Amino acid sequence: VQLQASGGGLVQAGGYLRLSCAASGRTFSSYHMGWFRQAPGKEREFVAVIARSGGSTYYTDSVKGRFTISRDNAKNTVYLQMNSLKPEDTAVYYCAADDTFSTRVNSYDVWGQGTQVTVSS
């Protein structure tokens, strides 16, 4: 599978963005899908994960109640709706695919190219 992330941009604090990650190649619905982010000078970190069917999700504590991960297997796309954005959400956001439902960066074998999200104060 190949992944293409999009939807990043510049937004003021309190604003919102929706990221998309389109998949091509092997059957999208066979993968659990994760979103990760990497801020300048920091390690890549887990944001959210959604199960193959979309029935299970999990979030890092800092985004709970603000971000929502979802997927449309018919469109081979996973989304990250980001509301009430904060300056500390500024990072490059990556989507990733794996056979396991994991929060660990090292678990994921397939990565998209990343999309920049910048939140101004």
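Definitions and cut-offs
- Residues numbered from 1 in each chain as written.
- Predicted model: local features only at pLDDT ≥ 70, side-chain atom pairs only at ≥ 80, totals over all residues.
- Heavy atoms only, no water.
- Pairing = 2+ DSSP bridges.
- Helix = DSSP H or I, 4+ residues; strand = E, 2+ residues; numbered from the N terminus.
- Axes fitted to C-alpha atoms, helices over the stretch in contact; angles between N-to-C directions.
- Salt bridge = Lys/Arg side-chain N within 4 Å of Asp/Glu carboxyl O.
- Buried < 20%, exposed > 50% of the residue type's maximum accessible area, 1.4 Å probe, protein only.

(A) View of the sheet that holds strand E7 (residues 67-72). Strand order in the open sheet formed by four strands is E1-E3-E8-E7, and the pairing between neighbours is antiparallel. One side of each edge strand has no neighbouring strand; the edge strands of this open sheet are strand E1 (2-6) and E7. Going from strand to strand, the sheet's axes swing by 15 degrees on average, the running direction of each strand aside. Bridge count for strand E3 (residues 17-24) against strand E8 (residues 77-82) is six bridges, and the pairing is antiparallel. When the bridges of E8 are listed, Ala 22 appears paired with Thr 77.

(B) Layout of the pattern of salt bridges. Applying the stated criterion across every chain, the model contains four salt bridges. The salt bridge partner of Glu 45 is Arg 37, with a shortest N-O separation of 2.7 Å. Note on Arg 37: relative accessible area 6%, which makes it buried. The salt bridge partner of Lys 64 is Asp 61, with a shortest N-O separation of 3.0 Å. Lys 64 sits in the partly exposed class, given a relative accessible area of 44%. Residue classification places Asp 61 among the exposed residues on the basis of a relative accessible area of 60%. A cluster of three or more residues bridged by salt bridges with shared partners is formed by Arg 37, Glu 45, Arg 66 and Asp 89.

That's the geometry; what it means functionally is another story.
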